[in-house]
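Observations on the model geometry
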Amino acid sequence: MKKLLGIVVLGLLLSGNSNACEKEDFIKYISAGKNKCIAILNLGKIKKGKKNLIVFLHGDGSPNSPRPGVPKKSHIRFAKELINNDNNIFLFARPGYFIRERGSSEENRYSSGPRDAIKSTIVNYDWKNFQILAPALQNLRKYYKPEKLILIGHSGGAYQGGTIHGKVPGLVDINILISCPCDWEIRKKLSNGKKWETKSQLKKLKKYSPSFNYEDIDIESLNVLIVGKDDKNTAPGVSEYYYDLLKKKKLQVKLHIIDGGHGLRSMPTVGSIIKEYIN
């Protein structure tokens, strides 16, 4: 029933998709529905029919970065560690971001200079972006025909990945969320006491968060949460809260609280933990 629900949801997202991404080649671009494109970066040798299709969703990055719309190099290095003969691996440029000078569709593209942290966060997590990402994942899976689709997200990418997993059951087989802001209200309480969100913004961030969209997660899928014990951005308690929600629903979920902070480079064991689940 849940997989059928996922098919229905994807059907709605893909409706009107006759004018798909003209640049689609399944190597540099993938169609994301209604004239939308996601820029992708393939890592390692790509071939149809490999056991696993791994898609990595990068984090938001620093608002004050000289190029805030470009994923961190550390995310690319991390994804490369997962290369082996069983895995097709792609890093998605999330909506509005760029990779290798190639951009993904989104209304409010990031400029080459510093961006407004509040505005960009709200835009990042708008429902329009989920409507772009979910069809892109479906199209990539349909083309490469893996046994399993493994979605790995860090920080903001984990937020989006977790929500897609709940909104479109049956699409993702293993959902790995690293440093996840899975519930924005809990995050606000635990992470440095940040107060920048207005009530309307907080309501919107809550509405599209994984913790608000987990009821229809496929019981056959595996959920893995990884967070640094010294993470000041998305405190361990945020992942623990989401873990408890999934456990109460009797879903398959694992939680790893490890040495490190928020960034991937600060967590020395994160790669070895992920390999346990994808090999």
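Residues numbered from 1 in each chain as written. Predicted model: local features only at pLDDT ≥ 70, side-chain atom pairs only at ≥ 80, totals over all residues. Heavy atoms only, no water.

Concerning the nonpolar core
- Ranked by size, the top nonpolar core spans 33 residues in total, and within it Phe 78, Ile 152, Ile 176, Ile 178, Ile 226, Val 270 and Ile 274 carry the most contacts.
- Those elements that place two or more of their residues in this core are β2 (37–43), β3 (52–57), α2 (73–80), β4 (87–92), β7 (148–154), β8 (174–178), β9 (222–228) and α9 (270–278).
- Examining the composition of this core, we find that 5 residues originate from one element, α9, more than from any other.
- Ignoring anything within four residues of it in the chain, the contact list for Ile 152 reads Ile 54, Val 55, Phe 56, Leu 57, Phe 78, Leu 82, Ile 176, Ile 178 and Ile 274.
- Formed by 30 residues, the second largest nonpolar core is a distinct cluster that contains Val 55, Tyr 125, Leu 140 and Val 172. (Core = buried A, V, L, I, M, F, W, Y, C linked by side-chain atoms within 4.5 Å. Buried < 20%, exposed > 50% of the residue type's maximum accessible area, 1.4 Å probe, protein only. Helix = DSSP H or I, 4+ residues; strand = E, 2+ residues; numbered from the N terminus. Contact = heavy atoms within 4.5 Å.)

Considering unusual backbone geometry
- Backbone geometry places Ser 155, a non-glycine residue, at a positive phi of 55 degrees.
- Residue position: Ser 155 is located in the loop between β7 and α5 (156–167).
- A residue is classified by how much of its surface remains accessible, and Ser 155, at 12% relative accessible area, is buried.
- Even without being glycine, Ser 179 reaches a positive phi, approximately 50 degrees.
- As for its placement among the helices and strands, Ser 179 is situated in the loop between β8 and α6 (184–190).

What to know about the pattern of salt bridges
- A full pass over the atoms with the stated rule returns 7 salt bridges.
- Across the salt bridge formed by Asp 60 and Arg 94, the nearest N and O atoms sit 2.9 Å from each other. Of this pair, Asp 60 sits in the loop between β3 and α2 while Arg 94 is found in the loop between β4 and β5 (98–99), placing the two residues 34 residues apart along the sequence. The residues Asp 60 and Arg 94 share a single accessibility class, namely buried.
- A salt bridge links Lys 249 to Glu 215; the nearest nitrogen and oxygen atoms lie 3.0 Å apart. Separated by 34 residues along the polypeptide, Lys 249 in the loop between α8 (236–248) and β10 (252–258) and Glu 215 in the loop between α7 (199–207) and β9 bring together distant segments of the chain. (Salt bridge = Lys/Arg side-chain N within 4 Å of Asp/Glu carboxyl O.)

Side note on the sheet that holds strand β1 (residues 29–31)
- What the 8 strands build is an open sheet, ordered β1-β2-β4-β3-β7-β8-β9-β10; its pairing is mixed. Every interior strand has two partners, whereas the edge strands, β1 and β10, have only one. The sheet shows a mean angle of 25 degrees between the axes of neighbouring strands, direction not considered.
- Direction of pairing for β2 relative to β4: antiparallel, over a ladder of 4 bridges. (Pairing = 2+ DSSP bridges. Axes fitted to C-alpha atoms, helices over the stretch in contact; angles between N-to-C directions.)

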